[in-house]
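Spelled out from the first residue to the last, the chains are:
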Amino acid sequence: MQLTKTDIKLMAQELEFDACGIARVDRIDDEAASRYAQWVSSGKNGCMQWAASNNEVRENPELLLEGARSVIVVAMNYYPQVFQSPEAPQFAYYAYGRDYHEVIKKRLWEMARIIEQETGAKSRACVDSAPLRERYWAQRAGIGFLGLNNQLITSGKGSYFFLGVLLTTLELEPDEPCDETCMQCGACERACPSGALHCGEPVDARRCLSCLTIEHKGVLPEWVGDVIGNRVYGCDECQKCCPHNSNAVGNTIAELQPSPEFLALTHEDILQMTQEQFSHVFSHSAVKRAKLAGLQRNAKLIHNA
Ligand code: SF4
Ligand code: SF4
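Residues numbered from 1 in each chain as written. Chains lettered and ligands numbered in written order. Predicted model: local features only at pLDDT ≥ 70, side-chain atom pairs only at ≥ 80, totals over all residues. Heavy atoms only, no water.

(A) Main features of the sheet that holds strand 2 (residues 70–77). The four strands are arranged 1-2-7-4 in an open sheet whose pairing can be described as antiparallel. Only two strands of the sheet have a single partner each, and these edge strands are strand 1 (19–24) and strand 4 (123–126). Strand-to-strand, the axes of this sheet are offset by a mean angle of 20°, without reference to chain direction. Inspection of the sheet shows strand 1 paired to strand 2 by six bridges, in the antiparallel sense. Each bridged residue has a counterpart across the sheet, and for Ala19 the counterpart in strand 2 is Ala75. Against the sheet, helix 1 (residues 5–14) contacts strand 1 and strand 2, and its axis sits at roughly 145° relative to strand 1. Sitting on the sheet, helix 4 (residues 100–119) is in contact with strand 2, strand 4 and strand 7 (161–168), with an inclination near 30° to strand 7. (Pairing = 2+ DSSP bridges. Helix = DSSP H or I, 4+ residues; strand = E, 2+ residues; numbered from the N terminus. Axes fitted to C-alpha atoms, helices over the stretch in contact; angles between N-to-C directions. Contact = heavy atoms within 4.5 Å.)

Written out as structure tokens, the structure reads:
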């Protein structure tokens, strides 16, 4: 049996994705490649050292899956229905529920299973887990466009979306790339607490609180204490202010709902948390990435501010 683009999109809907688009596998275009190379050579990738390696693969998805013909890109809303109290140490919205790697991959594996069963085609699921330009492919697959805040803005829906990619050897009719642009209002640049955004340039990860509070290992630069505010894990300021997010609606995915323990967390809880408690509260959470030491380092900085 052959599967069509329509079949894939229906499957994506059944798997609770909010958007799905298809691009043909190709090398990424020269402009995107050179923009990325400049970002890395200027050192703006900061502590994301992984961004500087595997460039050949990053530019050519066929190296991730032999015989790959199509890039299926999916998006899932993660905007919360319920929020932490404003007094609580703030976590980025994407980290409220279960780790998105698990949530998205599980569904992409199911899509891959059905594709193989119906057509024999092989697939590979990538969710921030392979050197792949996910936002670039989302634009190519017609899902959305890149805002000046460096976020992929899903057309008509905003930027609070996880992205996932299924590379597949199945030949599918590609969608038209998205040719929209963001409103270019500059609100994200003005809202950034640490000056990490400049005139539509790729984010300066050395100054981005999201990168610093999550990815950075060891002691943080002293200036971070002046701008960290109440953010203990990540930062959403450049999304909260974006007019494309003004109609964001809470997600209905069961796994993405925050637990009562998470919503009740206070500064003191984090400062006094044991490894056992951390493992309990964050056992299936993306917060594991910062580890208990990283979370407590950030919480101390908030405390001393
Ligand atoms: S805040 Fe304004 S400039 Fe920034 S991404 Fe949104 S629309 Fe674009
Ligand atoms: S996540 Fe926060 S610190 Fe990073 S660019 Fe956006 S507003 Fe600035």
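(B) Layout of the environment of Trp50. Locating Trp50 in the fold gives a position in the loop between helix 2 (30–41) and helix 3 (55–59). Accessibility expressed as a relative area gives 46% for Trp50, which makes it partly exposed. In sequence terms Trp50 and Pro131 are 81 residues apart; their C-alpha atoms lie 8.6 Å from each other. Trp50 has contacts with Arg58, Glu215 and Arg289, leaving out every residue within four places of it along the chain. (Buried < 20%, exposed > 50% of the residue type's maximum accessible area, 1.4 Å probe, protein only.)

(C) Inspection of empty space enclosed by the protein at higher detail. With the rule as written, the count across this model stands at two cavities of 30 Å³ or more. Counted as a void, the largest cavity has a volume near 90 Å³. Considering the residues around the largest cavity, the lining is formed by 16 residues, among which Cys182, Cys185, Cys188, Cys242 and Pro243 are closest to the centre. For the lining of the largest cavity, the residue count by class is eleven nonpolar, five polar and no charged. Quantified by volume, the second largest cavity comes out at close to 40 Å³. For the second largest cavity, the full set of lining residues is Tyr78, Pro80, Tyr93, Tyr94, Tyr96, Gly97, Phe162, Asn251, Leu256 and Pro258. When grouped by side-chain class, the residues that make up the lining of the second largest cavity number eight nonpolar, two polar and no charged. (1 Å grid on protein atoms, 1.4 Å probe; cavity = no way out; pocket = protein on both sides within 12 Å on 5 of 7 lines; lining within 4 Å. Points joined across faces, edges and corners; volume = space filled by probe spheres on them. Nonpolar A, V, L, I, M, F, W, Y, C, P; charged D, E, K, R; others polar.)

(D) Region of the structure containing the layout of surface pockets. A volume near 200 Å³ is recorded for the second largest pocket. Taken together, 15 residues make up the lining of the second largest pocket; nearest its centre are Gly97, Arg98, Ser259, Val281 and His284. Grouping the constituent residues of the lining of the second largest pocket by class yields six nonpolar, seven polar and two charged.

(E) The site of ligand 1, seen in detail. Neighbouring residues of ligand 1: 13 residues in total, closest Cys182, Cys185, Gly186, Cys188 and Cys242. Mapping ligand 1 onto the cavity grids shows that it belongs to the largest cavity. (Near = heavy atom within 4 Å. Sits in = over half its atoms within 2 Å of the grid points.)

(F) Region of interest: the side chain of Asn45. Tracing the backbone through its elements, the reader meets Asn45 in the loop between helix 2 and helix 3. The residues contacting Asn45, other than those within four sequence positions of it, are Trp39, Val40, Ala51, Ala52 and Ala205.

(G) Expanded view of the nonpolar core. Formed by 59 residues in total, the largest nonpolar core has its most connected members in Ile8, Phe91, Tyr94, Met111, Ile115 and Tyr233. Considering each element in turn, this core owes the most residues, seven residues, to helix 4. Sequence-distant contacts of Met111, that is, excluding residues within four places in its chain, are made with Ile8, Met11, Ala12, Leu15, Ile72, Val74 and Leu166. Ranked by size, the runner-up nonpolar core spans 26 residues in total, among them Ala32, Val57, Leu132 and Leu167. (Core = buried A, V, L, I, M, F, W, Y, C linked by side-chain atoms within 4.5 Å.)

(H) Region of the structure containing the packing of aromatic side chains. Applying the stated criterion across every chain, the model contains 20 aromatic pairs. On the basis of an interplanar angle of 50° and a centroid distance of 5.2 Å, the ring pair of Phe278 and Phe282 is categorised as tilted. Of the two residues examined, Phe278 and Phe282, each falls in the buried class. (Phe/Tyr/Trp six-rings, centres within 6.5 Å; stacked < 30°, edge-to-face > 60°.)

(I) Seen up close, the pattern of salt bridges. Enumeration over the complete set of coordinates arrives at 16 salt bridges. Notably, a salt bridge pairs Arg107 with Glu16, separated by 2.6 Å at the nearest N-O pair. Of this pair, Arg107 sits in helix 4 while Glu16 sits in the loop between helix 1 and strand 1, and the two are 91 residues apart along the sequence. On the accessibility criterion, Arg107 (6% relative accessible area) is buried. A salt bridge links Glu62 to Arg69; its shortest N-O distance comes to 3.8 Å. A network of salt bridges, in which partner residues are shared, links Lys5, Lys9, Glu173 and Asp175. (Salt bridge = Lys/Arg side-chain N within 4 Å of Asp/Glu carboxyl O.)

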